[in-house]
Amino acid sequence: MVAIAPLVRRYRFIPERITLHAEELAYLWQRRRASLRAPDITLPDFTYLQERIEAHLQGLLVAGDELATMLDGFLHGDQRDEAFAAAWALLRSEQPDAARKVLEAFAAARGPVLDGFADALATAPATHTAPTLQAALAPGSPAPAAAGGVALRCHRQLDARSPRLAGLLLEASPAVAVPAWRALQALDSPPGAAPLPFAAALWGPSPAVRQAVLDVAVWRGEPWVLDVVRQLAAEGDEIGLGWYAALCPADEQDAAVALFAGRPLPQRTALAARLGRPAAIRAVFDWMADPDPILAAAAAEAWERMTGLSVEGERKALPAAASADPLEHDFPAVVFLPDLAKARQHWATHGERWLAGGCWCRGFDLQSTMTSEAQHCIGLQARWDFAARAAQIGTRLLVPPVV
């Protein structure tokens, strides 16, 4: 009699698929981080990205009790988004032992990897992690304390009066100061709390810290914000320029456009598009006729971003520099020049309405209203800029996620 032994499976899943899901999750999380305030990513785009992230997470959870073993290399590696993928999946499994492994790795992490753990701890349930994160704010290593503060803020368990957190705001290392400030975004100070050290942190050498400080000030509606960003913009500070474009009052739009016109490409047209004021539309209309193909093409993109109307015309290959690599000569960069006749037609049809409006993005006037239709069409940057302008007049409508 011939007998065949039953097949013994080591796993009830395909191990290679688990690795693939982890790699895809790490990649998509990196895209999510880059997309959160992007001018060309809409709310439906971002929602779809979130759905893809969740789908790969569900693929990872199929590994069950074997998940920690399968993701150990990611959890203890040196890549921020891979550390996030492993930590988030383990925390979402809601197993106490998995959470313990994540917290041990979090305590040992440094640099960008620590930021990855902070992202995971902030966006996964805090059932098994909150006590450890609270303990991290006690005297000890400042980097894990600041990262833990971000996670606690996202779970609404951060005490804004924490003296430890206040001390982290003025840490010399941006790796500590930036997450400490991020933890306070849109978190109002309780009565009797000491004032935040805005001035001391704002004028330091780190652009990343300056960005984090201004984010807190904008969403809290600090009355001095416009004066400061105007000064920073006049000094050529990139963060100040960006916020000035977002917050610029209507009566300063001509001065803002003149300031932006002196900036190099592609920053010049990007700032004008973010401004969205009638003066910016007029300037971009003129720039489209410039003989410089790079400026003309960038202006056409800014035009579409403000008006929602495409003027894409002739495809033009840009000449490569004499010292360029042979590959660049064979495959030169390509731009699309604007169709000036179409642009003039747009101006003749809509120009009067644009000049009478306030702040344009994708053909919607966002001066005082953001309709449901607009929310599906405009980029996330314009969405948050609209909310920032509202915050500056005392109305907190929306706040971008801390993570």
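Above: the structure in question.
Presented here is an overview of the structure given in this document. A quick note: this is a predicted structure, and the numbers were derived from the prediction, not measured. (Residues numbered from 1 in each chain as written. Predicted model: local features only at pLDDT ≥ 70, side-chain atom pairs only at ≥ 80, totals over all residues. Heavy atoms only, no water.)

A separate point is empty space enclosed by the protein. Counted under the stated rule, the structure contains two cavities of 30 Å³ or more. Of the volumes computed, that of the largest cavity is approximately 80 Å³. Lining the largest cavity are Ala-273, Arg-274, Arg-305, Cys-359, Trp-360, Cys-361, Leu-366, Ala-382, Asp-385 and Arg-389. By residue number, the principal contributor to the lining of the largest cavity is helix 23 (residues 380-392), which donates three residues. (1 Å grid on protein atoms, 1.4 Å probe; cavity = no way out; pocket = protein on both sides within 12 Å on 5 of 7 lines; lining within 4 Å. Points joined across faces, edges and corners; volume = space filled by probe spheres on them. Helix = DSSP H or I, 4+ residues; strand = E, 2+ residues; numbered from the N terminus.)

This next bit is on the side chain of Thr-129. Structurally, the position occupied by Thr-129 is in the loop between helix 7 (112-123) and helix 8 (130-136). Among the residues examined, Thr-129 registers a relative accessible area of 1% and is labelled buried. (Buried < 20%, exposed > 50% of the residue type's maximum accessible area, 1.4 Å probe, protein only.)

Throughout the structure, instances matching the rule amount to 15 salt bridges. The salt bridge involving Asp-215 is made with Arg-37; its shortest N-O contact spans 3.4 Å. Residue Asp-215 is located in helix 13 (residues 207-220), and its partner Arg-37 is located in the loop between helix 1 (15-35) and helix 2 (43-61); the two are separated by 178 residues in the primary sequence. Residue classification places Arg-37 among the partly exposed residues on the basis of a relative accessible area of 30%. With a shortest N-O distance of 2.4 Å, Asp-97 and Arg-100 are connected by a salt bridge. Of this pair, Asp-97 and Arg-100 both sit in helix 6 (residues 96-108), three residues apart, roughly one helical turn. Arg-100 gets classed as partly exposed once you look at its relative accessible area, which sits at 38%. Connected through salt bridges with shared partners, the residues Arg-80, Asp-115 and Asp-119 form a single ionic network. (Salt bridge = Lys/Arg side-chain N within 4 Å of Asp/Glu carboxyl O.)

Moving on to helix 14 (residues 225-234). Regarding helix 14, the residues found buried are Val-225, Val-228, Val-229, Leu-232 and Ala-233. Take helix 14 and look down its axis: the buried residues cluster within an arc of 135 degrees, on one side only. In the segment just after helix 14, Gly-236 is the residue with positive phi, at about 85 degrees. (Arc of directions from axis to C-beta.)

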